[in-house]
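Here's the letter readout for the chains.
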Amino acid sequence: MDFFLYSKIGQMVLALLAFAAVVAVLMLGARVADRVAGRTRNLWALLVFAGPALLLLGVGLIYPAGRTIVMSFMDRRSEEWVALDNYAWVLNNPESLRAFINTFWWVILTPLVATVVGLLYAILIDGKRFEKVAKSLLFMPMAISFVGAGIIWKFVYEYRGAAQDQIGLLNAVLVAVGLEPVRFLQDGPWNTFFLIFVMIWVQAGFAMVLLSAAIKAIPTDIVEAARLDGVSPWQMFRSITVPSIRPTLVVVVTTISIATLKIFDITRTMTGARFGTQVLANQMYDQSFTFGNNGIGSATAVVIFVLVIPIIVYNVRQMLRNREVRGA
Amino acid sequence: MTTKRRAMGTLAGAAALAMTLGACGGADELGGGGGGGGGDDTAGGTDCSPYEDYGSFDGETVSLFSSIREVEADQLQDTFTEFTECTGITVEHNGSGEFEQQVVVQAEGGNAPDLAIFPQPGLFARMVESGYLVEPSEEVEANVDEGWSEDWKSYGTVDGTFYGAPLMASVKSFVWYSPTAFEENGYEVPTTWDDLMALTEQIAADHGSEDVKPWCAGIESGGATGWPATDWIEDMVLRAGGPDVYDQWVNHEIPFNDPQIVEAVDMAGGILKNPDYVNGGIGDPRSIATTSFNDAGLPILDGNCFLHRQASFYEAQWPEGTDVSPEGDVFAFYLPGETEDESPLLVGGEFVGAFNDNEATQAVQAYMSSGEWANTRVEIGGVTSANTAVDPENASSDVLRLAIELLQDENAVARFDGSDMMPSEVGAGAFWSGMVSWIDGAETQTAVDQIEAAWPAG
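Presented here is an overview of the structure given in this document. (Residues numbered from 1 in each chain as written. Chains lettered and ligands numbered in written order. Predicted model: local features only at pLDDT ≥ 70, side-chain atom pairs only at ≥ 80, totals over all residues. Heavy atoms only, no water.)

Within chain B, the regular secondary structure consists of 19 helices and 11 strands. Classification of the 458 residues of chain B by burial places 60% in the buried group. Once local pairs closer than 6 in sequence are excluded, the contacts in chain B between residues at least 24 apart make up 75%. Just so you have it, chain B exposes about 16200 Å², and 43% of that area is on carbon and sulfur atoms. (Helix = DSSP H or I, 4+ residues; strand = E, 2+ residues; numbered from the N terminus. Buried < 20%, exposed > 50% of the residue type's maximum accessible area, 1.4 Å probe, protein only. Contact = heavy atoms within 4.5 Å. Areas by Shrake-Rupley, 256 points an atom, 1.4 Å probe, with all protein chains shown as cover.)

Moving on, we get to the nonpolar core. Counting 131 residues, the largest nonpolar core has B:Phe80, B:Phe118, B:Trp152, B:Trp249, B:Phe256, B:Leu307 and B:Met368 as the members making the most contacts within it. Ranked by residue count, the leading element in this core is helix H13 (residues 259-272) of chain B, at 8 residues. If near-sequence neighbours (up to four positions away) are discounted, B:Trp249 is found in contact with B:Ile233, B:Glu234, B:Val237, B:Ile254, B:Phe256, B:Ile261, B:Met422, B:Phe431 and B:Trp455. The next biggest cluster of nonpolar side chains, apart from the first, holds 38 residues, and it includes A:Phe206, A:Ala214, A:Val223 and A:Ile256. (Core = buried A, V, L, I, M, F, W, Y, C linked by side-chain atoms within 4.5 Å.)

Taken together, the side chains of A:Ile101, A:Phe104, A:Trp105, A:Ile108, A:Leu112, A:Val113 and A:Val117 make up a nonpolar region of the molecular surface, amounting to roughly 580 Å² of accessible area. Assignment of secondary structure puts A:Leu112 in helix H5 (residues 94-125). (Patch = residues over 30% accessible without salt bridge, like charges linked within 9 Å, V, L, I, M, F, W, Y side chains within 5 Å. Salt bridge = Lys/Arg side-chain N within 4 Å of Asp/Glu carboxyl O.)

Turning our eyes to something else, we now look at the sheet that holds strand E7 (residues 174-177) of chain B. All names here are of chain B. A sheet is described by the order of its strands in space; here 3 strands give the open sequence E8-E7-E9, paired in antiparallel fashion. One side of each edge strand has no neighbouring strand; the edge strands of this open sheet are strand E8 (307-309) and strand E9 (331-334). Neighbour-to-neighbour, the strand axes of this sheet turn through a mean angle of 35°, independent of strand direction. Note that E7 and E8 share 3 bridges and pair antiparallel. Counted as the bridge partner of tyrosine 177 is leucine 307 from E8. (Pairing = 2+ DSSP bridges. Axes fitted to C-alpha atoms, helices over the stretch in contact; angles between N-to-C directions.)

With an omega of 10°, the peptide bond running from B:Val278 to B:Asn279 counts as cis. Checked against the element boundaries, B:Asn279 lands in the loop between H13 and helix H14 (299-302). Of note, A:Ala83 is a non-glycine position whose phi angle comes to about 55°, a positive value. Residue placement: A:Ala83 occurs in the loop between helix H3 (41-71) and helix H4 (85-92). Non-glycine residue B:His252 carries a positive phi angle of around 60°. Note on placement: B:His252 falls in the loop between helix H12 (242-250) and H13. Look at B:His252 and you get partly exposed, because its relative accessible area is 27%.

Before going further, it helps to spend a moment on the interface of chain A and chain B. With 26 residues of chain A in contact, the opposing surface of chain B contributes 27 residues. Across the chain A-chain B interface, the total number found is 4 salt bridges. The salt bridge involving B:Glu220 is made with A:Lys154; its shortest N-O contact spans 3.0 Å. Taken together, the links from chain A to chain B amount to 9 residue pairs in polar contact (both at pLDDT 80 or more). Within the residue set of the side of chain A that touches chain B, elements represented by two or more residues are helix H13 (265-270) and helix H14 (280-290) of chain A. Here the residues of the side of chain A that touches chain B are counted per class, giving 8 nonpolar, 9 polar and 9 charged. (Polar contact = N/O pair within 3.5 Å; in protein donor to acceptor, adjacent residues only side chain to side chain. Nonpolar A, V, L, I, M, F, W, Y, C, P; charged D, E, K, R; others polar.)

Attention now moves to helix H12 (residues 246-261) of chain A. The end-to-end C-alpha distance of H12(A), which contains 16 residues, comes to 22 Å, matching closely the 22 Å that a straight helix rising 1.5 Å per residue would cover. Among the residues making up H12(A), those that are buried are A:Leu249, A:Val250, A:Val252, A:Thr254, A:Ile256, A:Ser257, A:Ala259, A:Thr260 and A:Leu261. (Expected span 1.5 Å × (residues − 1).)

Residue and element names in this part refer to chain B. Across the 12 residues of strand E10 (residues 343-354), 12 count as buried, placing the element largely inside the fold. The alternating pattern of E10 places Ser343, Leu345, Val347, Gly349, Phe351 and Gly353 on one face and Pro344, Leu346, Gly348, Glu350, Val352 and Ala354 on the opposite face, and all of these are buried. Bridge count between strand E3 (residues 115-118) and E10: 4 bridges; the pairing is antiparallel. Considered in E10, the bridge of isoleucine 117 is made with valine 352. As paired strands, E10 and strand E11 (residues 412-416) are joined by 5 bridges and run parallel to one another. Within E11, the position partnered with leucine 345 by the bridge is alanine 414.

All names here are of chain B. Tracing the chain through its elements places asparagine 375 in helix H16 (residues 371-380). Judged by relative accessible area, asparagine 375 falls into the buried class, the value being 17%. Among the polar contacts listed, one links the side chain of asparagine 375 to the side chain of asparagine 394, at a separation of 2.8 Å. Not counting chain neighbours up to four residues away, the residues in contact with asparagine 375 comprise Ala389, Val390, Asp391 and Asn394.

Taken as a whole and assessed by the stated rule, the structure comprises 4 cavities of 30 Å³ or more. The computed volume of the largest cavity comes to approximately 150 Å³. Lining of the largest cavity is provided by 15 residues; of these, A:Lys154, A:Tyr159, A:Leu185, A:Met270 and B:Thr290 occupy positions nearest its centre. (1 Å grid on protein atoms, 1.4 Å probe; cavity = no way out; pocket = protein on both sides within 12 Å on 5 of 7 lines; lining within 4 Å. Points joined across faces, edges and corners; volume = space filled by probe spheres on them.)

Residues and elements named next belong to chain B. For H13, built from 14 residues, the straight-helix expectation of 20 Å at 1.5 Å per residue is met to within 8% by its first-to-last C-alpha distance of 19 Å. For H13, the elements touching its buried residues are helix H10 (193-207), helix H11 (227-240), H12, helix H18 (424-439) and helix H19 (444-453). Sitting at the amino-terminal end of H13 is aspartate 258, which places a side-chain oxygen 2.9 Å from the backbone nitrogen of glutamine 260.

Right, dumping it as structure tokens:
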């Protein structure tokens, strides 16, 4: 038994065995459900196929969400009830208000700019000879983690006094053309926008890839018919391309919005949320894990959750509408 | 809390570096001793006589949880090799970067390890108060009484009951400088605070220019940005106010914005916020806030600055090939007190707590509190201990040897890193952010008022 519990290879073998066992149980269940005849058949099938997923969802998502909500009404150690005190803090504390304002800018700017950049790029390179290379160039940042991107851009934004050798790319350029070096990460409120730019840099590739695929999926007969009618490129873009890829646009914008609402890695690595760059998700992490204040941390998490709901509702409604249009 | 973890991380690097330095700097035989594998002279047969008192166990395992990882974790494991051979107890160490959160989760989940190494007295006390830690055997307390000072013992004591022995220690009150540059300019290592300020003035007069300043500093550290500035303030409180004021301040018996604290912060500001004194090779005082603490001292090597206040673990930051020795490229001196006789010392360290009183657990805990363990660990390299049983000659580098000598100095008044003992909203929150805005230009009074306001009630 020691081999399985205490050696790395043993643990791996154990994990593989456990995985195989789970798969075997599921297959067996499916087979049994298949044999069941009569009225309970559908119920059994549902249980076998949806059961494990529902169980995991319950353990990994529903229960923690419920507990977070409960904890948001309790004190820092989750021992006594404090009613709405935590929410009052989140909605009144100046530091927290700063986080709200910054998060607002993040959520407005990132999806819009990233999607517009991705869309224009996708249209411009569509069908060109160098399309693949151009695509991979913009998509590459997507492969970098937010922390990695933060570290890279921290070097790009690095500031040294005017008398020193600049080691940051941007300031080196500024000084080379005779300007003063800029404290990109230190001077508010602009520093927040320089952070947002990093997120856009990462997300534009994602938008581009999805939108490019959607553009290619536009039926050629529609495009050709439009061409025969002699549309200008702008009319083509406005009346053909955008309406045809609308569902994808919605998915792209909402996905980036949700990713942006929980942004914390970039602020954390680049400014440590100092100099007025605090955002909600980082505040949640700081409060819960660094300061040990479960109450305020949970309340912030609930606020983020509430803010995400409208975006998801919109997303789902759009998807349902598209289904109606398609008659599925 | 990240302060400590980071410190340990860099210490791990220091171990490797110390050996390299020992070899190429030709320091002395000690560098080789560190690399030689624990000074095992018995060639094959292990001498078990030092371990007889711990008893004999039949294949028992004791689990040890800590924030120590990688090289340093291997070094920690090496200290148990002979112990395991002689007593039969296997010590299974597990290090995690999420120690502070995980140890609480494990204890609450009824899944606690046998022993854990706590880098912060604050967290240690919280675990005692929650009823998870048990009192150690009398042997541990006897070991601590013998090897450690009263101050050190008190950090492992909660509400008058002794709960855990200190393990390792680091010295924070160090100023890094270049002995060669000092030699060239005829500067002397200062021994009082006034001397230090006079030297600062002298350097500014001799060399001061847009890119050469007496001091260089940096407090950027990702999510933990600001911690190096808290160390500055703690050192200043110890010097301006003395140990009593320091204790009252840490325990919140005086408010954070007490005039004595304001005075100490301004004392640090006399250097850190003076454009003539900082930030050599980097920029103006505001640049301290965005300069990574890892890089902050490096301008010393280029002659852009002469002084950099940072703990003993900064040794690991010097590039490979730097001669770290009393006559070399860089070395450290003790950040002076107000007079030569006063030597207040800011320290950091770790404490071993036990989650049960099994005999095997107690045997390991007793071994870890002993002078033997401390010597074994220091010989392996990269760390220091304040245990008086440790022979400074065993240290793996000159800086660590100096650190041990300071830690063992009977005149030294040692105080533990204050931000690690304050509630974390302050110690890892408002204190950090307050220092960042202070460096960034805020008035001292505004900064301390803001920190005081964040102190949790009750």
